[in-house]
Amino acid sequence: MLKTIELGVQGMTCASCVGRVERGLGKVEGVQEASVNLATERATVTYDPALTSPQALLARVQDVGYEPVTAQAEFGVQGMTCANCVGRVERALLRVNGVLGASVNLATERAAVTYLPQSVGPGALKAAIRDAGYEVLDAPTPAAQEDQAREARAREVAELRRQVTFSALFAAPLLLLAMGPMLIPALNDALMTTFGHGVMTTLNWVMLALALPIQFGPGRRFYRLGWKSLRARSPDMNALVMIGTTAAFAYSVVATVAPGLFPRGTAHVYYEAAGVVITLVLLGKYFEALAKGRSSEAMKKLLGLQARMARVRRGDQEHDVPTDEVRPGDLIVVRPGEKIPVDGEVVQGQSYVDESMITGEPVPVNKQPGAGVVGGTLNGHGALTFRATRVGADTALAQIIRLVETAQGSKPPIQGLADRVVAVFVPVVLGIAALTFALWLAYGGPSFALVTTVAVLIIACPCAMGLATPTSIMVGTGKAAELGVLFKSGGALEGLQGVGVVALDKTGTLTRGRPELTDLLPAAGADRAAVLRLVAAAESQSEHPIARALVEAAARQGLAISQPERVEAVPGFGLDAVVQGQRVQVGADRYMAGLGLDVTPFAAQAQALGDAGKSPLYAAIDGQLAAVLAVADPIKDGSREAVQALHRLGLRVAMITGDNARTAQAIARQLGIDTVLAEVLPSGKSEAVKDLQAQGQRVAFVGDGINDAPALAQADVGLAIGTGTDVAVETADVILMGGDLRGVPNAFALSRVTLRNIRLNLFWAFAYNIVLIPVAAGVLYPALGWLLNPVLAAAAMGFSSVFVLSNALRLRAFQPPLRPGPPPPATVPSGTPSPA
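Procedures and definitions
- Residues numbered from 1 in each chain as written.
- Predicted model: local features only at pLDDT ≥ 70, side-chain atom pairs only at ≥ 80, totals over all residues.
- Heavy atoms only, no water.
- Helix = DSSP H or I, 4+ residues; strand = E, 2+ residues; numbered from the N terminus.
- Buried < 20%, exposed > 50% of the residue type's maximum accessible area, 1.4 Å probe, protein only.
- Contact = heavy atoms within 4.5 Å.
- UniProt positions renumbered as here; feature names shortened; annotations may be inferred.
- Pairing = 2+ DSSP bridges.
- Axes fitted to C-alpha atoms, helices over the stretch in contact; angles between N-to-C directions.
- Arc of directions from axis to C-beta.
- Parallel < 35°, antiparallel > 145°, perpendicular 65-115°, else oblique.
- Left-handed = near helix turned anticlockwise from the far one by under 90°.
- Phe/Tyr/Trp six-rings, centres within 6.5 Å; stacked < 30°, edge-to-face > 60°.
- Lys NZ or Arg CZ within 6 Å of the ring centre and 35° of its normal.
- Salt bridge = Lys/Arg side-chain N within 4 Å of Asp/Glu carboxyl O.

### Quick word on the overall build of the protein chain
Part 1 of the argument: From N to C terminus, the protein chain includes 29 helices and 30 strands.
Part 2 of the argument: Counting across all 836 residues of the protein chain, residues that qualify as buried make up 53%.
Part 3 of the argument: Restricting the contact set of the protein chain to residue pairs at least 6 apart, pairs at least 24 apart contribute 69%.

### Looking at the UniProt feature "transmembrane region" (unreviewed entry) in the protein chain
Part 1 of the argument: Under the UniProt annotation, "transmembrane region" (unreviewed entry) lies at residues 164–184, 196–216, 237–262, 268–287, 421–442, 448–469, 762–781 and 787–809.
Part 2 of the argument: Taken end to end, residues 762–781 comprises 85% helix and 0% strand; its first and last C-alpha atoms sit 28 Å apart.
Part 3 of the argument: Secondary structure content for residues 787–809 is 87% helix and 0% strand, and the end C-alpha separation is 34 Å.

### What about the sheet that holds strand β23 (residues 582–587)?
Part 1 of the argument: A sheet is described by the order of its strands in space; here 6 strands give the open sequence β20-β25-β24-β23-β22-β21, paired in antiparallel fashion. Pairing within the sheet leaves two strands with one partner each, and these edge strands are β20 (516–522) and β21 (566–570). Between one strand and the next, the sheet's axes are offset by a mean angle of 20 degrees, whatever the strand orientation.
Part 2 of the argument: Pairing geometry for strand β24 (residues 615–621) and strand β25 (residues 624–632), over 7 bridges, is antiparallel. Counted as the bridge partner of Tyr618 is Val628 from β25.

### Description of the environment of Ala102
Part 1 of the argument: Position of Ala102 among the secondary structure elements: in strand β6 (residues 99–105).
Part 2 of the argument: Spatially, the C-alpha atoms of Ala102 and Gln72 are 9.7 Å apart, while their sequence positions differ by 30 residues.
Part 3 of the argument: In contact with Ala102, not counting residues within four places along its chain, are Glu90, Leu93, Leu94, Ala112 and Val113.

### Overview of the sheet that holds strand β9 (residues 309–314)
Backbone hydrogen bonds hold the strands of a sheet together, and the pairing may be parallel or antiparallel.
Part 1 of the argument: Spatial ordering of the open sheet is given by β10-β9-β11-β17-β12-β15, a layout of 6 strands whose pairing is antiparallel. In this open sheet, the two strands that pair with only one neighbour each are β10 (317–322) and β15 (372–373).
Part 2 of the argument: In terms of strand pairing, strand β11 (residues 331–334) meets strand β17 (residues 384–390) through 4 bridges, oriented antiparallel. Bridge assignment links Val333 to a residue of β17, and that residue is Thr385.

### Considerations on helix α2 (residues 54–63)
Part 1 of the argument: Listing the buried residues of α2 in full gives Pro54, Leu57, Leu58 and Val61. Axial view of α2: buried residues confined to an arc of 100 degrees, hence all on one face.

### Re helix α24 (residues 661–671)
Part 1 of the argument: Within α24 the residues assigned to the buried category are Thr663, Ala664, Ala666, Ile667, Ala668, Gln670 and Leu671.
Part 2 of the argument: As for α24, its buried residues are in contact with α18 (506–510), α22 (603–611), α23 (639–648), β26 (652–656) and β27 (675–677).
Part 3 of the argument: A positive backbone phi angle near 80 degrees is found at Gly672, which sits one or two residues after α24.

### Considerations on the pairing of strand β7 (residues 110–115)
Strand residues, when the strand is regular, have side chains that alternate between the two faces of the sheet.
Part 1 of the argument: Summarising the sheet, strand β5 (residues 71–78) and β7 pair through 6 bridges and their orientation is antiparallel. Residue pairing for β7: Phe75 is matched across the bridge by Ala111.
Part 2 of the argument: Relative to β7, β6 runs antiparallel, the two sharing 6 bridges. Looking at β7, one finds that Ala102 is bridged to Val113.
Part 3 of the argument: Taken together, β6 and the strand that follows it, β7, pair antiparallel across an intervening segment of 4 residues, in which Glu109 is found at a positive phi of about 55 degrees.

### Observations concerning the packing of helix α3 (residues 83–94) against helix α4 (residues 122–131)
Part 1 of the argument: Running from N to C, α3 and α4 point in directions that differ by 140 degrees, and their axes come no closer than 9 Å. Between α3 and α4, the interaxial angle falls into the category oblique. Helix-helix and strand crossings are classified by hand; for α3 and α4 the assignment is right-handed. Contacts between α3 and α4 pair Val89, Ala92 and Leu93 from the former with Leu125, Ala128 and Ile129 from the latter.

### Brief notes about the packing of aromatic side chains
Part 1 of the argument: For the structure shown, the criterion picks out 9 aromatic pairs.
Part 2 of the argument: Relative to Tyr591, the ring of Phe573 lies with its centre 6.3 Å away and its plane at 50 degrees, an arrangement referred to as tilted. Highlighted residues: Phe573 in the loop between β21 and β22 (574–579) and Tyr591 in helix α21 (residues 589–594), separated in sequence by 18 residues.
Part 3 of the argument: Residue Tyr591 is classed as buried on the basis of its relative accessible area of 7%.
Part 4 of the argument: In textbook terms, an aromatic cluster arises when at least three aromatic residues are bridged by ring pairs, as seen for Phe216, Tyr223, Phe249 and Tyr271.
Part 5 of the argument: For Arg221, the ring lying beneath its charged end belongs to Phe222, and the centroid distance is 5.9 Å.

### Things to note about the pattern of salt bridges
Part 1 of the argument: As enumerated under the stated definition, the model contains 16 salt bridges in all.
Part 2 of the argument: Two residues, Arg335 and Glu318, come together in a salt bridge whose shortest N-O distance is 3.9 Å. Pair noted here: Arg335 is in the loop between β11 and β12 (343–349) and Glu318 is in strand β10, with a separation of 17 residues, a long-range link.
Part 3 of the argument: Salt-bridge contacts for Lys367 lead to Glu355; the nearest nitrogen and oxygen are separated by 2.9 Å. Separated by 12 residues along the polypeptide, Lys367 in strand β14 (residues 365–367) and Glu355 in the loop between β13 (351–354) and α12 (356–359) bring together distant segments of the chain.
Part 4 of the argument: Here the salt bridges share partners, and the residues they tie into one network are Arg566, Glu568, Asp576 and Arg583.

### Here we look at unusual backbone geometry
Part 1 of the argument: Within the chain, Gln580 stands out as a residue other than glycine whose phi angle is a positive 50 degrees.
Part 2 of the argument: Turning to its location among the elements, Gln580 is positioned in the loop between β22 and β23.
Part 3 of the argument: On the accessibility criterion, Gln580 (47% relative accessible area) is partly exposed.
Part 4 of the argument: A positive phi angle, near 55 degrees, is found at Glu679, a position not held by glycine.

### Examining the side chain of Thr511
Part 1 of the argument: Along the polypeptide, Thr511 turns up in the loop between α18 and β20.
Part 2 of the argument: The contact partners of Thr511, leaving out residues within four places of it in the chain, are Lys506, Asp633, Pro634, Ile635 and Lys636.

### Looking at the side chain of Asn204
Part 1 of the argument: With respect to the helices, strands and loops of the structure, Asn204 is situated in helix α7 (residues 199–216).
Part 2 of the argument: Looking at Asn204, the relative accessible area reads 9%, which means it is buried.
Part 3 of the argument: Setting aside chain neighbours within four positions, we find Asn204 in contact with Thr256, Val269 and Tyr271.

### What about the environment of Ala526?
Part 1 of the argument: Residue position: Ala526 is located in the loop between β20 and α19 (528–539).
Part 2 of the argument: The spatial distance from the C-alpha of Ala526 to the C-alpha of Leu625 is 9.3 Å, given a sequence separation of 99 residues.
Part 3 of the argument: With residues near it in sequence (within four places) discarded, Ala526 still touches Val531 and Ala626.

Have a look at this one:
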């Protein structure tokens, strides 16, 4: 059967473009007809879905040089209870013509859809979800979406609480009447005295009256959802409960109304099994709903950081407007203690801002005119006026929320096993139940057949399988976001598991990324401050990084930097300047030798500086050697602790740098790095990663996320050192928002804990079914006389889901191996050589 879809095509400018796209699409196997309209920028394609797919058509459009148009939509889906529900919603969406991909997450109750907007719209997608038997929640903004989802969860919890209470009111006396006479002789005697020999007939009718409101009151939800799943040929937990309780209830009704149809002594009733099973399943769903709400706590915290209102200055007046209405360029006033509503740049005022919720670093950051501020952070005791630069979905916080939502909604590779099992699980269970009924009917009679079959159907709920992975991913990635670590997908979280080597870029990752004056040792009789003042003045006209470092060091110490009267560069050696009538010459040892100055008095200090990976420079004033100094890129606070923590995790650490081998080895010695790849050009970093991968291990590369994009893409897992504002690094899999390398071992540790949590969940979910389904089927009865009562089966089924959710929630208590530290203080050059 042929299908026709419409593709949006961007980039066409003339009839030749139209012809190229039509010819390209016409060559795809299975395409019957392709027609392209330049004015509407659309391609209408008729094709055989057995031979090709929309994805292949999009790829061909790209191959011929144009950009196909796709869109993404996300919907809240209410009413899903297990992994089969997830599969049914995904299949319903994928059957819609024009849908390219669909991913549904049971824990977040969200469906993410990629589709062709020219072929299908959001309305059709919502209709497909509703036709599959579920409700759709619309949410125009993340905050509104969370509010709507929270309200829906609250309604669901309240409804489940009401249903559980109603069922329990009838199930408690029902269970007492069914089990009490067997367990309490006094109760049996009292009933016999009251009703005589007709006690069983009377009790049967009383139990029918108690079971009826449960079966067709709260139990109606299982009929509604279970029948839809059967009609869609995708039976789920609701179908199992529906079939099992209906069998028990219907058998009991017949035994009550027409006991003569059964052999003498076999007309037993099982009203308590049907009523109590429904009550316990609903109780499990209630606990599950409560736990689901707690599992999204991290996302609630992130969304709670968003300010709802902003104080915008327009003219001479200030107006409170919703944050969504702020536009780039608006001037925004923030008073002490208020949240900063959007990203921007300070134009007036001074204050300290708590950015720990974004970067994970606990020390407030000083903000003055020219400094950047991030929406969602908390202003201190000062007042600030800033100009909005990024608003709405472009703010750092919005990007962070989007990344966390994407990670929580994604499926890591480990989920594939559960998906494959769940796809065939319920049909297999129905087959086992049918076989159990047939065998026990033949060898044990209808009572045994009914009890074992109902137990099998109830015990085999796949809820735990469906929740095992997404709940752990949800809690784990949320906890990571609290620590300043963003996983862009569940696959990235799992990908860190197989890594054996962590390759670190040096500049900006291990080091601060800009040179600083680290040492200035004056000669005997020379004044240190006077030497620094003259050297900085001599270098003040240069834009060289070393010159900038000298000038900044003098400025930090409050030294007045005058204009030089004359500056002359000596290519390859240094410079020669006159400052306030004094001749200042700065350069390497060979420059001093050319001037006839002996540097041997500083030989020991120069050797120590060289061993520390610093290149010594010398300063001469009025023809006399005045000082030896060193400018270097200092190692970041926390880099050494991070490398040590990675070693404790059993990982090998490599450093990739463009520095010369001697400097690189010196830094590696200070940090304890195992492998050094030095003198690597920026364009060669990805090749360096390949060389490490060629040694047979998976490699994670840590870089700044901009200059290191090729290496991040080449690595098995790329980790980008972010800045707290530039979080959407395209090529990285993991983003460290605070720029602190201590986040790297935290990411590895959290990955391991989360994957261990997922494995435990999956083990429990699979082991529970593998062990208890045979028990429910009665395999132990011939040897031990044990049969699993359907009531206990229902309790065990509910416990399995609650266990999985509770186990995932343990990740909220994760403690990172290293805590991010405060930002480094302004450095003042020491009087003796020290490590960079």
